[in-house]
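# Observations on chain architecture
Here is what each chain is made of, one letter per residue.
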Amino acid sequence: MVKKFCLAGLIALILFLNLSSAYSEANPYSEEKILQEIIMKVPFTRGLKLVEHKLQNGLYSFKFEGSNPFKNLKIVYNSDNDKLEYIDYYENTFTPFDKNLSAKYSKSESIILAHNLISSITGEEYQFVKSLSDDEYIDESLEKPYIYKLIFKKVINHLIVDNREIVVYIDSHSGEVVKFFGENLSEQVEYEGTKDIKSIGEIKSLYQRYIVPQLMAYKEGKKYQLVYISSLNPLFYGIDAKSGIFIDYKGNDIKEEMVTLDFAKLKDDCFNLKNPETIAQDIAKNLKIDKISLLKSGYVNNFYLTVKPAVTYDWNFTSLKDKILNINVAIDSHDQNILHLGFGYWNYNEKNFRILDMEEAKTYVKEHLYNYLSCDFLVAYPMNYRDNKIYTFYRQTNNTIISNNYITIETNEEGIVKKIIFNWDYIDFPKIDNTINTQVAQNIFIDSGFKLYYFITENKKGKLVYIPNSLEFMIDASTGKKIYYSSLNWEED
């Protein structure tokens, strides 16, 4: 693969002659020079055709495509500091393949290949931190057993920058890169010095005030198990190493009252519609959608939640100018009980619904999703995401959160509902029996320790942040043993 990358320099002039003719705008020399630099630095450009380019606010955007197999490459170049800003490369490998193909490149060799590639493209230091398993970052066209999915994080002053990473997928049989994604590559950041940071003891004391272990029925494969998680609140991310203030994923300070969970009882009695078509039509009616169509239905021998026969239904309504609705239902083949109900709703123009705070979010759920809730409590909290706000309602039964059972409502800054995701299972969950004490779980989380990282905020400040190791694992509620996420969905090296 490295040898192949070296060929980029030899073919650069030929490719450059093919691409430069696309430029006839003012100051073509500057653009041609930028393009030539990109070709020399980014090996994915070889054999690809330039299909689109534009200049906006000092950023040059280039889009390349290739065929047999289909390849797509988007590059953004920052002319202000003469650096690559963004790279998104994708190769469609969704073709018939032999699952028994041998791995000619080991994982360690692939990590070295990816590391060298990142260094040559960015000119900066990145460190391999973990690899993804096939059930994370799902992409059907890349779902092959012999593809290494590697994540590298940026390194500054020998510390990992936790929220800056590059993803590289490498085919272990051919050694080819089939996916490469990196952004914020040219940003100018002012990093804090490591003087005057709080001690681990001080951080441990601060953290103890906020950690409230939450019991959760967690779905691992085809069954649920009872675990403790360190915190349900997604606002919490880390502790500022100098101020001791908790920060969120944007680097904003978290006010103490924002960390408190809000419990909301939305129903007094249970109501369960049995007819899947009635469910689909009723959801569409409540969301003011006139027409939906049955996409497919099918018989499943072993439905993943119950490992029993079930019938599944999928409905869809799509209007590119208005809204998109997908509904899926699973029915037990024997007793006709609903096993699972889920739907996703994307609304781009509808302005009938506005949600500006948590109370309005609760009212919306009561009025529009009433028939699809069990009689259990839900836990609700708000979260800011970019310019949007997300209201999440987690299912709670017997003081236990049910993982993957939730409602999320996303609004824009004006409060207009843009997206609703609903996921609900109607099955038996593990009973709370002989679980360890909450205080024992809290001590395990607190004693796990902390790591010091850099975290880049929205205003391009590199903050020093302590991140608790407890975010890396859950606790088995029966035995008290740590369950690392590596045993569930990703590996950390």
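By convention here, each chain's residues receive numbers from 1 onward along its written sequence. Totals for whole chains, interfaces and linings use all residues, but because this is a predicted model, local features are given only for residues with pLDDT of at least 70 and pairs of side-chain atoms are given and counted only at 80 or more. Remark: hydrogens and water are excluded; side-chain values derive from all non-hydrogen atoms of the structure.

With an unreviewed UniProt entry as reference, the chain is termed Peptidase propeptide domain-containing protein, source organism Thermoanaerobacter siderophilus SR4.

### Some details on the nonpolar core
Here is the rule we go by: The set of buried Ala, Val, Leu, Ile, Met, Phe, Trp, Tyr and Cys residues whose side-chain atoms join them within 4.5 Å is what this entry labels a nonpolar core. Each residue is placed in one exposure class: buried if its accessible area under a 1.4 Å probe, protein chains only, is under 20% of its type's maximum, exposed if it is over 50%, and partly exposed if it falls in between. In this text, helices come from DSSP runs of H or I with a minimum length of four residues, and strands from runs of E with a minimum of two, each type numbered from the N-terminal end. Should any heavy atoms of two residues lie within 4.5 Å, those residues are considered in contact.
Within the largest apolar cluster, 39 residues are counted, with the highest numbers of intra-cluster contacts made by Tyr-207, Tyr-224, Tyr-228, Ile-239, Phe-246 and Ile-475. Among the secondary structure elements, those contributing two or more residues to this core are β7 (159-171), α4 (200-210), β10 (214-220), β11 (223-229), α8 (438-446), β23 (450-456), β24 (461-468) and β25 (473-476). No other element matches α4, which puts 4 residues into this core. The contacts of Tyr-207, once residues within four sequence positions are left out, are Ser-230, Phe-236, Ile-239, Phe-246, Phe-445, Ile-446, Phe-450, Pro-468 and Ser-470. Core analysis: the next-biggest nonpolar cluster, separate from the first, contains 34 residues, Val-365, Ile-407, Trp-424 and Tyr-426 among them.

### Digging into the confidence of the model for the chain
The criterion, for reference: The predictor rates its confidence in each residue with pLDDT, a number between 0 and 100.
Of all residues in the chain, 79% have pLDDT values of 70 or greater, and the mean over the chain is 80. Model confidence for the chain, summarised as mean pLDDT per element, is weakest for strand β27 (residues 490-492) at 35 and strongest for strand β9 (residues 190-191) at 96. Ignoring residues within four places in sequence, the model shows residues 1-26, a span with pLDDT below 50, making 42 contacts including any to other chains.

### Looking at the pairing of strand β18 (residues 338-347)
Threshold: For two strands to be treated as a pair, DSSP must find at least two bridges joining them.
With 9 of 10 residues buried, β18 lies mostly within the body of the structure. Between the end of strand β17 (residues 323-332) and the start of β18, which pair antiparallel, lie 5 residues, with Gln-336 showing a positive phi angle near 65 degrees. Here 7 bridges tie β18 to strand β22 (residues 417-425), and the two strands are oriented antiparallel to one another. Within the sheet, the bridge partner assigned to Tyr-345 lies in β22 and is Ile-420.

### Quick notes on α4
Basically, it comes down to this: It is the directions from the helix axis to the C-beta atoms whose arc is reported.
Inspection of α4 places Ile-203, Leu-206, Tyr-207 and Tyr-210 among the buried residues, and these make up the whole buried set. Burial along α4 is one-sided: seen end-on, the buried residues are contained in an arc of 100 degrees.

### Considerations on the environment of Glu-192
Cut-off, in case you're wondering: For the purposes of these results, a polar contact is taken to be a pair of N or O atoms within 3.5 Å, where, inside protein, one atom must be able to donate a hydrogen and its partner to accept one; residues adjacent in sequence count only when each atom of the pair is a side-chain atom.
Its place among the elements puts Glu-192 in the loop between β9 and α4. A relative accessible area of 24% places Glu-192 in the partly exposed class. C-alpha separation for the pair Glu-192 and Lys-242, spaced 50 residues apart in sequence, amounts to 9.7 Å. Not counting residues up to four positions away in its chain, the partners in contact with Glu-192 are Lys-242, Tyr-454, Gly-462, Lys-463 and Leu-464. At 2.9 Å, the side chain of Glu-192 forms a polar contact with the backbone nitrogen of Leu-464.

### Quick word on the pattern of salt bridges
Note the threshold: Salt bridge, as used here: a side-chain nitrogen of Lys or Arg that lies within 4 Å of a carboxyl oxygen of Asp or Glu.
All chains considered together, the criterion is met by 15 salt bridges. Where Asp-447 meets Lys-204, a salt bridge forms, and the shortest distance between an N and an O atom there is 3.2 Å. Of this pair, Asp-447 sits in the loop between α8 and β23 while Lys-204 sits in helix α4, placing them 243 residues apart in sequence. Look at Asp-447 and you get exposed, because its relative accessible area is 54%.

### Brief notes about the environment of Ile-355
Turning to its location among the elements, Ile-355 is positioned in the loop between β18 and α7 (358-368). As a C-alpha pair, Ile-355 and Glu-414 span 59 residues in sequence and 8.3 Å in three-dimensional space. Those residues in contact with Ile-355, other than ones at most four positions away along the chain, are Glu-360, Ala-361, Tyr-364, Tyr-391, Ile-409, Thr-411, Gly-415 and Val-417.

### Side note on unusual backbone geometry
In this chain, Asn-68 is followed by Pro-69 through a cis amide linkage whose omega measures -5 degrees. Along the chain, Pro-69 turns up in the loop between β2 (59-66) and β3 (71-78). With a phi angle near 50 degrees, Asn-157 is a residue other than glycine that sits in the positive phi range. Here Asn-157 lies in the loop between β6 (147-156) and β7. For Asn-157, a relative accessible area of 53% gives the class exposed.

### As for the packing of aromatic side chains
Here a ring pair, both rings aromatic, is described through the centre-centre distance and the interplanar angle of the planes. The condition is simple: Pairing of aromatic side chains requires ring centres within 6.5 Å, counting the rings of Phe and Tyr and the six-membered ring of Trp. Pairs whose planes differ by under 30 degrees are stacked, by over 60 edge-to-face, and all others tilted.
Per the counting criterion, the structure on display carries 14 aromatic pairs. Considering the side-chain rings of Tyr-207 and Phe-450, the 5.4 Å spacing of their centres and the 85 degrees angle between planes classify their relative orientation as edge-to-face. Placement of Tyr-207 in helix α4 and of Phe-450 in strand β23 is noted, with a sequence separation of 243 residues between them. In this structure, Tyr-207 and Phe-450 share a single accessibility class: buried. Measuring from centroid to centroid gives 4.9 Å for Tyr-237 and Phe-455, while their planes differ by 50 degrees, and the two rings are tilted.

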